[in-house]
Amino acid sequence: MKLLLGLLVLVTFVVVVVALVTSKSNTADSPQVNIAGQGAVLGSVDETLWTRQKFYAFRGIPFAESPSGERRFKAPVSRSPWNGTFDARSFGKRCPVITSISKLNAKQLEEEDWEDCLNLNVYTKNLSAKQPVMFYIYGGGFTNGSASDHPPHHLLEKDVVLVVPQYRVGALGWLTTLTDDMPGNAPVLDLLLALSWVQSHIHAFGGDPTRVSIFGQSAGAAMSGALLLSPKTPEHYFKRSIVQSGAITAPWAINRTPLQQVKRICEALQCEKCEDKREQYECLRKVDVLQLLRVTTEESFSPVIGDEQGVLPQEPQMLLRNLKRTVPLMTGFTKHDGSFVLATLYDTLIAQYGSLAKFTVRQLANTLIDLAKDTTSLSNNLLLRMLFKSKILDSNNHTAAWPAYFDIANSVYMKSPVVAYANELQRRSAAPVYLYTFDYAGAHTRFGYEFGNSQYPFEGGVHHSNDNIYLFATHKLNANDTLIAKKMVDLWYSFAADGVPKVGEQPELTLKPLETEAGPYFHIDQEVRVDSDILKELTVTIDDPESYKLIRSSVLPPVLPPVLPPVL
Ligand SMILES: *[C@@H]1O[C@H](CO)[C@@H](O)[C@H](O)[C@H]1NC(C)=O
Ligand SMILES: *[C@@H]1O[C@H](CO)[C@@H](O)[C@H](O)[C@H]1NC(C)=O
Ligand SMILES: *[C@@H]1O[C@H](CO)[C@@H](O)[C@H](O)[C@H]1NC(C)=O
Ligand SMILES: *[C@@H]1O[C@H](CO)[C@@H](O)[C@H](O)[C@H]1NC(C)=O
Ligand SMILES: *[C@@H]1O[C@H](CO)[C@@H](O)[C@H](O)[C@H]1NC(C)=O
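Residues numbered from 1 in each chain as written. Chains lettered and ligands numbered in written order. Predicted model: local features only at pLDDT ≥ 70, side-chain atom pairs only at ≥ 80, totals over all residues. Heavy atoms only, no water.

*Asks:* Explain the pattern of salt bridges to me, please; I cannot follow it from the model alone.
*Replies:* A pair can form between side chains of opposite charge whenever their charged atoms are brought close. The tally for this structure, following the rule as stated, stands at 28 salt bridges. Where Arg 264 meets Glu 299, a salt bridge forms, and the shortest distance between an N and an O atom there is 2.7 Å. Highlighted residues: Arg 264 in helix 7 (residues 258-268) and Glu 299 in the loop between helix 9 (289-295) and helix 10 (316-321), separated in sequence by 35 residues. Taking the relative accessible area as the measure of exposure, Glu 299 reaches 12% and is therefore buried. (Salt bridge = Lys/Arg side-chain N within 4 Å of Asp/Glu carboxyl O. Helix = DSSP H or I, 4+ residues; strand = E, 2+ residues; numbered from the N terminus. Buried < 20%, exposed > 50% of the residue type's maximum accessible area, 1.4 Å probe, protein only.)

Quick look at the structure:
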């Protein structure tokens, strides 16, 4: 599981949002909204990227009391009303991450409440209309993410109200003793409170509370699954769901050892007593934010089963099987959604062993597949059999094996869980389930976005999170990429608004929900097109005659004779 830490983090939230779109705030026509029972908020005026339509932005509206002090780790409570007008012209604080908190000096740390991050952003063109609402749940490996990474200037081309809430991340969100003190799954409760805020207040921003769609990517995809499956979620909170590149049923979506984790972190903090849950809580509730984040940089976090509030009372698979409600779903993955896993594995092995030459293809492949936690090894055996020529398995010719490694990582982490989630919902509900693969290779990628990617012996392909480059205005797009962005916005908006994905530029195209477990499904590329057997996406890299293009010959590691297998 260690390996997984940071994996999703690194690639999902590495966008430094450059001021691509300048905020044209003009106090003269700054909009003001009265939120009943809360107070007034002052927003700003901005404009969309493609057609320069004016829209209003209300940023950093607090929806919960700060989860600090006695409220740390606990279920959030609604924000108390404020007097006067809340200035919502700039983003609120992001939930604490080591990279943001470690930049602060002692005085700043002392003087401000950095945990006060439960705020949300509302973007709308018309305060008196009744528009569909899209509620975005960011990813970031459950340990990072913020609303400011998701500029709305593409989606606001449509008549929609976009809401981007923040939820707690990392130790401050997920640490739990599974008791009253630290009930667990607090970040899911943060989202539930934000959804309840939407029900009460979105009409004041021109949104229709009866037409809310949630959409989330990566860790946000798993969170959206938690919301769908949780018995704590009132049915009317949302009507549809878009789930991008992840599933609550994926092997990385659940933390199976939260009690060991809370003890380990208590001990790392060198608190006096860490034996029982009460002692752990006493230690953790008082520790300062920077210290807590420092000792948890190597930890991975995710939702837990059996939290005290009953958010996830059972295994997601069980909840899914017994699910009573149904919502129309659109879900999918990117063509090479697992290449970031390979990159992280590569970094780990190089850091530790200097080269891959010490490993056989079989060892590397098994390491990747083991993250599926299939106790029968059936996945290992079948994947080795199907994806590799048997003669390379015991060699260390990784060059020949990269395409198969891609397909393993894609399938184990993303494609198989996404397909399984889609199929389970399709089998048990009358509601339509649309399935897609995002195949477009544009000018930008999230592959190694933060630290560069030139060290890798492979390309990132159509990388994890590349789909979001088109939904949110994070990059300056060329003409071709802009066409894709328009198609993505069409697809996402039409599904959210009407339950049927459509592309304006391709009026002849009819996208259908799954009829069987295989399809139909659709490819998102220069042209959106329909296809019939989703399972062929599991071997898309080895089947691609051009997959050699993913391999960089210039940085191939030296091929040395194999030595004894080290333990990973
Ligand atoms: C969190 O995401 C931001 C981008 O929003 C990035 O700059 C930062 O390095 C990330 N921090 C960690 C610890 O991953
Ligand atoms: C708001 O104003 C009222 C009346 O002046 C006062 O009683 C109350 O404490 C104020 N609330 C806040 C949050 O400042
Ligand atoms: C906003 O919506 C209302 C109600 O649908 C409509 O009457 C009005 O014309 C809209 N305003 C603008 C600027 O589009
Ligand atoms: C490794 O595999 C590649 C691609 O199949 C092949 O071109 C190369 O000759 C192989 N290298 C060795 C040392 O067998
Ligand atoms: C845009 O797409 C067209 C058609 O596929 C292609 O010929 C052209 O080279 C592309 N331009 C850029 C800048 O990628």
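*Asks:* Quick question: what am I supposed to make of the packing of helix 12 (residues 361-370) against helix 15 (residues 398-428) here?
*Replies:* Each pair of packed helices can be summarised by the angle the axes make with each other and by the distance between the axes. Contact pair helix 12 / helix 15: the axes reach a minimum separation of 9 Å and the direction vectors enclose 10 degrees. Taken together, the axes of helix 12 and helix 15 are roughly parallel relative to one another. At the point where helix 12 passes helix 15, the crossing takes the right-handed sense. Facing Val 361, Leu 364, Ala 365, Leu 368 and Ile 369 of helix 12, the residues of helix 15 in contact are His 398, Ala 401, Tyr 405, Ile 408, Ala 409 and Val 412. The class makeup of the residues in the contact of helix 12 with helix 15 is 10 nonpolar, one polar and no charged. (Axes fitted to C-alpha atoms, helices over the stretch in contact; angles between N-to-C directions. Parallel < 35°, antiparallel > 145°, perpendicular 65-115°, else oblique. Left-handed = near helix turned anticlockwise from the far one by under 90°. Contact = heavy atoms within 4.5 Å. Nonpolar A, V, L, I, M, F, W, Y, C, P; charged D, E, K, R; others polar.)

*Asks:* Would you mind going over the state of the cysteines with me for this structure?
*Replies:* Here is the idea: a disulfide is a covalent bond, and it sits between the sulfur atoms of two cysteines. Counted according to the given criterion, the structure contains three disulfides. Disulfide pairing is shown between Cys 95 and Cys 117; the S-S distance is 2.0 Å. Measuring the twist about the S-S bond at about 85 degrees, one finds the Cys 95-Cys 117 disulfide to be right-handed. Note that Cys 95 is positioned in the loop between strand 5 (85-87) and helix 2 (98-101) and Cys 117 in the loop between helix 3 (106-111) and strand 6 (119-124), a separation of 22 residues in sequence. (Disulfide = S-S within 2.5 Å.)

*Asks:* Where do I start with the layout of surface pockets in this structure?
*Replies:* One water molecule sets the probe size; rolling that probe over the atoms shows where empty space is left. Counted as a void, the second largest pocket has a volume near 850 Å³. The wall of the second largest pocket is formed by 32 residues, among which Ala 372, Ser 379, Val 412, Ser 416 and Pro 417 lie closest to the centre. Elements with a contribution of two residues or more to the lining of the second largest pocket: helix 10, helix 13 (378-387) and helix 15. By residue number, the principal contributor to the lining of the second largest pocket is helix 15, which donates eight residues. Of the residues contributing to the lining of the second largest pocket, the split by class is 20 nonpolar, six polar and six charged. There are two domains that each give the lining of the second largest pocket at least three residues, and those are domain 1 (31-327) and domain 2 (334-550). (1 Å grid on protein atoms, 1.4 Å probe; cavity = no way out; pocket = protein on both sides within 12 Å on 5 of 7 lines; lining within 4 Å. Points joined across faces, edges and corners; volume = space filled by probe spheres on them. Domains from an automatic or database assignment.)

*Asks:* Help me understand the nonpolar core in this model?
*Replies:* A general feature of soluble globular proteins is that nonpolar side chains tend to end up buried together. Counting 172 residues, the largest nonpolar core has Ile 61, Phe 388 and Trp 492 as the members making the most contacts within it. If you tally residues by element for this core, the top one is helix 15, at 15 residues. Both domains that furnish three or more residues to this core are identified here as domain 1 (31-327) and domain 2 (334-550). Discounting residues that sit within four places of it in the chain, Trp 492 has contacts with Met 134, Phe 215, Ile 242, Gln 244, Met 330, Tyr 436, Leu 471 and Ile 524. (Core = buried A, V, L, I, M, F, W, Y, C linked by side-chain atoms within 4.5 Å.)

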